[in-house]
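Chain residues, written in single-letter form:
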Amino acid sequence: MADKLAKYRSKRDASRTPEPIPEQAPGQGDDRRFVVQEHHARALHWDLRLERDGVLVSWAVPKGLPTDPHVNHLAVRTEDHPLEYLDFHGTIPQGEYGGGTMTVWDTGAYETEKWSEREVKFVLHGERVTGRYVLIQTKGKNWIIHRMDPAVVDPLPPLDPMLPVHRAKAPKDAGAYAFEFAWGGRRVLVHIDGGRTDLGQELPWLRPLAASFGSRSAVLDGEIVTLSGVEVLVCADLLYDDGHDLTAQPYERRRAALERLALGAARWQTAPSWPGQAQPVRQAAREQGLPGVLAKRLDSPYEAGESRSWVYFPA
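First things first, this report covers the structure right here in the doc. (Residues numbered from 1 in each chain as written. Predicted model: local features only at pLDDT ≥ 70, side-chain atom pairs only at ≥ 80, totals over all residues. Heavy atoms only, no water.)

Helix and strand counts for the protein stand at four helices and 20 strands. By its C-alpha atoms, the protein is 80 × 40 × 30 Å across when sized along the principal axes. A burial count over the protein gives 47% of its 315 residues as buried. Look at the contacts in the protein between residues 6 or more apart in sequence, and 59% of them connect residues 24 or more apart. Charge centroids of the protein, computed over 39 positive and 43 negative side chains, lie 4 Å from each other. (Helix = DSSP H or I, 4+ residues; strand = E, 2+ residues; numbered from the N terminus. Buried < 20%, exposed > 50% of the residue type's maximum accessible area, 1.4 Å probe, protein only. Contact = heavy atoms within 4.5 Å. Lys, Arg positive; Asp, Glu negative; His and termini not counted. Charge placed at Lys NZ, Arg CZ, Asp CG, Glu CD.)

Our next topic: the pattern of salt bridges. Inspection of every chain in the model, using the stated rule, returns 22 salt bridges. Across the salt bridge formed by R9 and D3, the nearest N and O atoms sit 2.4 Å from each other. By relative accessible area, which is 30% here, D3 ends up partly exposed. A salt bridge links K4 to D53; the shortest N-O distance between them is 3.6 Å. Of this pair, K4 sits in the segment before α1 (6-10) while D53 sits in the loop between β2 (44-52) and β3 (55-61), and the two are 49 residues apart along the sequence. One network of salt bridges, with partners in common, ties together K11, R12, E19 and E79. (Salt bridge = Lys/Arg side-chain N within 4 Å of Asp/Glu carboxyl O.)

Here we come to the packing of aromatic side chains. Scanning the model with the defined rule gives 11 aromatic pairs in all. With centroids separated by 4.9 Å and ring planes inclined at 50 degrees, the aromatic side chains of Y85 and F88 adopt a geometry described as tilted. Exposure remark for Y85: the relative accessible area of 1% places this residue in the buried category. Taken together through their ring pairs, the aromatic side chains of Y8, Y85 and F88 make up a single cluster. Directly above the aromatic system of W205 lies the positively charged group of R267, at a separation of 4.3 Å from the ring centroid. (Phe/Tyr/Trp six-rings, centres within 6.5 Å; stacked < 30°, edge-to-face > 60°. Lys NZ or Arg CZ within 6 Å of the ring centre and 35° of its normal.)

Residues L48, L50, W59, F122, L124, L135 and I145 are the most contacted members of the largest nonpolar core, which totals 32 residues. Elements that contribute at least two residues to this core include exactly β1 (33-40), β2, β3, β6 (100-115), β7 (119-126), β8 (130-139) and β9 (142-147). Considering every element that reaches this core, the biggest residue donor is β3, with five residues. Contact partners of W59, with chain neighbours within four places excluded, come to W46, D47, L48, L50, A75, V76, R77, T78, W115, V120, L135 and W143. With 22 residues, the next largest nonpolar core counts L199, L206, L220 and L246 among its residues. (Core = buried A, V, L, I, M, F, W, Y, C linked by side-chain atoms within 4.5 Å.)

Attention now moves to the sheet that holds strand β20 (residues 305-314). If you walk across this open sheet you meet the five strands as β10-β20-β19-β11-β18, and the pairing is mixed. Lying at the two open borders of the sheet, with one neighbouring strand each, are β10 (162-166) and β18 (274-275). Where helix α3 (residues 251-260) meets the sheet, it contacts β11 (177-182), β19 (292-297) and β20, and its direction lies at approximately 55 degrees from that of β11. The strands that helix α4 (residues 278-287) touches are β11, β18, β19 and β20; relative to β11, the one it contacts most, it runs at about 5 degrees. (Pairing = 2+ DSSP bridges. Axes fitted to C-alpha atoms, helices over the stretch in contact; angles between N-to-C directions.)

A separate point is α3. Among the residues of α3, Y251, R254, R255, A257 and L258 are the ones counted as buried. End-on view of α3: buried residues confined to an arc of 160 degrees, all on one side of the axis. Exposed residues pointing more than 90 degrees away from the buried face of α3 are listed as E252, R253 and R260. In the core, the buried residues of α3 are packed alongside β11, β14 (218-227), β15 (230-241), β17 (268-270), β19 and β20. Positive phi appears at A262, one or two residues downstream of α3, with a value of about 55 degrees. (Arc of directions from axis to C-beta.)

Taken as a whole, the largest pocket holds about 880 Å³ of empty space. Taken together, 36 residues form the lining of the largest pocket, with T67, V153, D193, S215 and S217 sitting closest to its centre. Broken down by secondary-structure element, the contributors of at least two residues to the lining of the largest pocket are β1, β8, β12 (186-193) and β14. The leading source of residues in the lining of the largest pocket is β12, at three residues. Looking at the lining of the largest pocket residue by residue, the classes come out as 17 nonpolar, 10 polar and nine charged. (1 Å grid on protein atoms, 1.4 Å probe; cavity = no way out; pocket = protein on both sides within 12 Å on 5 of 7 lines; lining within 4 Å. Points joined across faces, edges and corners; volume = space filled by probe spheres on them. Nonpolar A, V, L, I, M, F, W, Y, C, P; charged D, E, K, R; others polar.)

This part takes up the environment of H146. Relative to the elements of secondary structure, H146 occurs in strand β9. Residues H146 and Y133, spaced 13 residues apart in sequence, show a C-alpha to C-alpha distance of 5.6 Å. If sequence neighbours within four positions are ignored, H146 has contacts with P66, P69, N72, R132, Y133 and V134. Looking at H146, its side chain comes within polar contact range of the main-chain oxygen of P69, at 3.4 Å. (Polar contact = N/O pair within 3.5 Å; in protein donor to acceptor, adjacent residues only side chain to side chain.)

If you want it as structure tokens, here you go:
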């Protein structure tokens, strides 16, 4: 019988990588276990591995397992891996095959409903993902993975930016608002899914931000601002997070969720916000040469287009 791990071994040097490289041909497993690994290699992807006949049959899934049955994801068949990979995590040195950091994203048991050369139908029982999936070969190494069960996330609604009304003065009931700087930059909604952003081509410096989210989906509302000659994303609102639509939530809750993300790096940051502090924020904006201040009602949902719940007034 051919050694199913021959190809795996041929791509790895035990003296250079921490990956398990068993010397013997694989034995038999129980064909029940699976693992999904998040792999920050040259391109971020997730590795789905199903135990089968003593090895882990593997696919690289660039955008992760789909959560919506209406959206299929590409899955690329890779070489079989040893069973020891079920709990492998670590850093594969750069320059080696698959160089980068690998973590266990989910693990558990699965049930096989169908297994053929071109179609694999199975049910996952993991800690993070459960449900029926099917892998279908399309051409060569390329397959698609499809979720067969209903969606487990809120659908992403069509989104347009929420815009403030313009007033000459701050709202009188300052305690009902949070006050933020109006930066005078370019407004953007940043969609992040599968470690990638729809602005990646236009603004490639945002790609590391998207990769840092891993499989967590999000929509950020912010501005592209030039600070000290460098473009920076200043994030002010969170509209969608990890499968949950937040637009109906009051601004105060959305803001708390945004702050929990702890976004802070050289090219992106969370906009500061001060509840009830109209005049101090206006004075600070004036001193920094900013055009104005945004007042956002703490109880306001996110509404596309102009809304009286948000007020812009000049510094």
